[in-house]
Amino acid sequence: MIELKNITKSFQNGTIKTDVLKDVTFGVQRGEFVAIMGSSGNGKTTLMNILGCMLKMSGGSYALDGVDIETLDDDQLSDLRNKKIGFVFQSFNLLDGTSALDNVLLPLVYAEEYPDDARERATQLLESVGLGDRIHYKPGELSGGQHQRVAIARALVNDPAIILADEPTGNLDSESVREIMDILKRLHKQGKTIILITHDINIARYAGRTVFLRDGKIYNEEVSK
Amino acid sequence: MKIMKIVGVSLKSILKHKLRTALIELAILVGIATLTVVVSLTQGANKLIMKRIQNFGPDAIMVHSGGGKMRGPSTAQQANLTKKDISDIENISGVKFATPFQVELDMPLKYDNQFTTSWVMGVEPDWRDAWRRGASKGAFISNSDNEQLSRVCVIGVTTAKELFGKADPIGESILVKNISFKVIGILEKRGQSPAGTDFDNLILIPFSTASRRLMNQPLYTSMLRVIISDPARAKHVAGKISGILRENHRLASTQEDDFRISTAEQIAKMIKSTSKTLGLFLWLIAVISPLVGGIVLMNIMLMAVSERKREIGLRRALGAKKRDIIFQFLTESVVLTFSGGGLGVGVGVIIAIFVRHLGKPISISWQPFATAFVISVLIGLFFGVYPAKKAANLDPVDALNQ
Ligand SMILES: Nc1ncnc2c1ncn2[C@@H]1O[C@H](COP(=O)(O)OP(=O)(O)OP(=O)(O)O)[C@@H](O)[C@H]1O
Ligand SMILES: [Mg+2]
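So, how was this worked out
Residues numbered from 1 in each chain as written. Chains lettered and ligands numbered in written order. Predicted model: local features only at pLDDT ≥ 70, side-chain atom pairs only at ≥ 80, totals over all residues. Heavy atoms only, no water. Helix = DSSP H or I, 4+ residues; strand = E, 2+ residues; numbered from the N terminus. Rg over C-alpha atoms; globule rule 2.2 N^0.38 Å. Buried < 20%, exposed > 50% of the residue type's maximum accessible area, 1.4 Å probe, protein only. Contact = heavy atoms within 4.5 Å. Areas by Shrake-Rupley, 256 points an atom, 1.4 Å probe, with all protein chains shown as cover. Lys, Arg positive; Asp, Glu negative; His and termini not counted. Charge placed at Lys NZ, Arg CZ, Asp CG, Glu CD. Near = heavy atom within 4 Å. Polar contact = N/O pair within 3.5 Å; in protein donor to acceptor, adjacent residues only side chain to side chain. Axes fitted to C-alpha atoms, helices over the stretch in contact; angles between N-to-C directions. Parallel < 35°, antiparallel > 145°, perpendicular 65-115°, else oblique. Buried area = accessible area lost by both parts, 1.4 Å probe. Salt bridge = Lys/Arg side-chain N within 4 Å of Asp/Glu carboxyl O. Core = buried A, V, L, I, M, F, W, Y, C linked by side-chain atoms within 4.5 Å.

S.K.: Where do I start with the overall build of chain B in this structure?
M.R.: Helix and strand counts for chain B come out as 13 helices and ten strands. Taking 2.2 N^0.38 as the reference for a compact globule, 402 residues should give roughly 21 Å; the C-alpha atoms of chain B span a radius of gyration of 33 Å, well beyond that estimate. Taken along the three principal axes of its C-alpha coordinates, chain B extends 105 × 55 × 35 Å. Here chain B holds 402 residues, and the buried ones make up 49% of them. Long-range contacts, defined as pairs at least 24 residues apart, comprise 77% of the intrachain contacts of chain B with a sequence gap of at least 6. Of the roughly 19800 Å² of accessible surface on chain B, a fraction of 60% belongs to carbon and sulfur atoms. Chain B carries 50 positive and 31 negative side-chain charges, and their two centres are separated by 11 Å.

S.K.: Help me understand the site of ligand 1 in this model?
M.R.: All names here are of chain A. Taken together, Phe11, Asn13, Val20, Ser40, Gly41, Asn42, Gly43, Lys44, Thr45, Thr46 and Glu167 form the complete shell of residues around ligand 1. A distance of 2.6 Å is found between an oxygen atom of ligand 1 and a side-chain nitrogen or oxygen belonging to Thr45. Compared with its free state, where it exposes 630 Å², ligand 1 has 64% of that area covered by protein. Listed by contribution, the elements that provide at least two residues to the shell around ligand 1 are strand S1 (2-13) and helix H1 (44-51). Here the shell around ligand 1 takes three residues from H1, the largest share from any one element.

S.K.: I would appreciate a short explanation of the packing of helix H1 (residues 2-16) of chain B against helix H2 (residues 18-56) of chain B in the present structure.
M.R.: Helices that pack against each other are described as a pair by the angle of their axes relative to one another and the distance between those axes. All names here are of chain B. Two numbers describe how H1 lies on H2: the axes approach to 5 Å, and their chain directions differ by 90°. With respect to H2, the axis of H1 lies roughly perpendicular. Contacts between H1 and H2 involve Ser13, Ile14, Leu15 and Lys16 on the former and, on the latter, Lys18, Arg20 and Thr21.

S.K.: Explain the interface of chain A and chain B here, please?
M.R.: Many analyses report the size of an interface as the accessible area lost when the parts associate. Contact with chain A, which involves 24 residues of that partner, is made by 23 residues of chain B. Between chain A and chain B the total buried area reaches about 2200 Å² when both faces are included, carbon and sulfur atoms providing 58% of it. For chain A, the biggest contributors to the area lost against chain B are Met54, Val109 and Tyr110 of chain A; these three give 30% of the whole. Counting across the chain A and chain B interface gives four salt bridges. Between Arg323 of chain B and Asp75 of chain A there is a salt bridge; the shortest N-O distance is 2.8 Å. Linking chain A with chain B are 13 residue pairs in polar contact (both at pLDDT 80 or more).

S.K.: Looking at this structure, I do not really get helix H7 (residues 207-215) of chain B. What am I missing?
M.R.: Along an α-helix, residues three or four apart share an orientation, since each turn contains 3.6 residues. All names here are of chain B. Among the nine residues in H7, seven count as buried, and that is most of the element. Inspection of H7 places Phe207, Ser208, Thr209, Ala210, Ser211, Leu214 and Met215 among the buried residues, and these make up the whole buried set. Buried-residue contacts for H7 involve strand S2 (95-111), strand S3 (114-123), helix H5 (143-147), strand S6 (173-176), strand S7 (179-187) and strand S8 (202-206).

S.K.: Quick question: what am I supposed to make of the nonpolar core here?
M.R.: All names here are of chain A. Judged by nonpolar contacts, the single largest core of 70 residues is most densely connected at Ile2 and Tyr62. Excluding residues that lie within four positions of it along the chain, Tyr62 makes contacts with Ile2, Glu3, Leu4, Ile7, Ile50, Leu51, Cys53, Met57, Val67, Asp68 and Ile69. The next biggest cluster of nonpolar side chains, apart from the first, holds 42 residues, and it includes Leu156, Leu184, Ile194 and Ala204.

In structure tokens, the structure reads:
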């Protein structure tokens, strides 16, 4: 469902040019749970932003569901993000002063059609991540792990095919890490395609397959389960 | 609907950022209140001018005996307008008719043992058409009254009340300077002038009777009211009248006029010129003040955009299009300016009412409201576009990583 060929990405900052991605080629099948591993600063987030259609690549080609991303304009990319991709960020990115429920509903604001059962759907999702009793809590009243669970519910509200999670457990304690990873595993079982970015081999073990990002390139290596 | 959802987002954000909202609304309030007051003042002044013109008669030209700059009615002693002057003026094309009249101010009147003073005007029947004012009861001064030097009068309601109380004056006789006049009619009510002159404290008597019996000016009249067919040509006709009078009065080119001619336009001009410089200054403030409000709005919104980069980046990541972001921020701006404008109109009207109590002519009608609402929305759009576009054009990845 995802097809990356010879992706390159470099940043130009004044006269300094940083080549972050040099030649990334890999694919993800529908329903797969893939972990992308790499040490800090080697371009994982950059790759994730490209996968999430948030960042233009410098070279190469990216097909999502058979559609060449390069042919889409800004509005079409927005629609695509809204419909097909659920983002889970390392820093949660919930709206302050806004209830868990409204945070979960946020992607629906930008959906082509606002479903009649939006609230029930969002409430159900919050229940499924164990926050059924906290739907009216605001981020300031929730713990880190709870933040991330709200964020996962938000990523799911549009029923996207792909979940992109960039170090979703990076800011969490080990108890919360297990909770979050269990939720992701369950989603995978329910048929979601999940791409998980991490620098932690123990996290990567939850995935069905792990690829390594090193030196701007992707290496497929076996990981002991 | 998506639009309503985004409007909801904007409204929530307005309620959430209270200080920002208060500052913007205050800035717009001041601007719109100023505009409202100035619009009300200007309209009040215009209304006053219109009323003066209406009182004067837009189709009238007044000719007074005696030159110079003095105002008010000419006295019988100054009378220098002849029958020939009148008929020459009536021959000017565009002139419907000219009617002579004389006034004695504060004449003593007596009925029974009641005394009062009022204006006494000698008039011809044309006076009724020239002033659009006839007898509300009884008869008006007729041609035969004038031919026969009849001692009859039409009496204003104030004078009637002074002399007769509630009794019917018609058919009674009153003494004007010891000459007895029979009351034949009651003059239509006119009320007071803005300056406080009571237009109903007067009596009308035949012109000829006034000239010969009261004022002793049998050959002349001191005043003429000329009615023309096209108010737009008043200035032109006034010029012609001036030419004829100078010729008839044999004035050398070095001599000044021995008469005065006034038109509605001149009256209006006179009032306008006194309020013009002030008006310009006020309008300058009225225009600048909302613009300053707009600039404040733009600054605060720009600050809001940079404060809320993360939110914008997040919305973009979750599928907001550029135009959704523009719409969100523009809605915030317009709602803020619109509500600030609404408050501004309220405050402006209160100030306007206050100013009216200080004696300035103020007119409060729908226009200041319409102006304020249109202007405040335009300010919201105009000064809100730049911050909104700036928000929409943020790079989503950069914005999210703030
Ligand atoms: N907008 C940018 N301009 C210039 N350089 C950038 C930009 N974004 C990222 N980089 C550089 O690209 C490299 C990779 O960054 P990236 O955030 O993708 O790394 P990462 O693997 O996600 O790191 P981490 O594990 O710390 O999250 C870094 O060296 C970073 O400095
Ligand atoms: Mg990263």
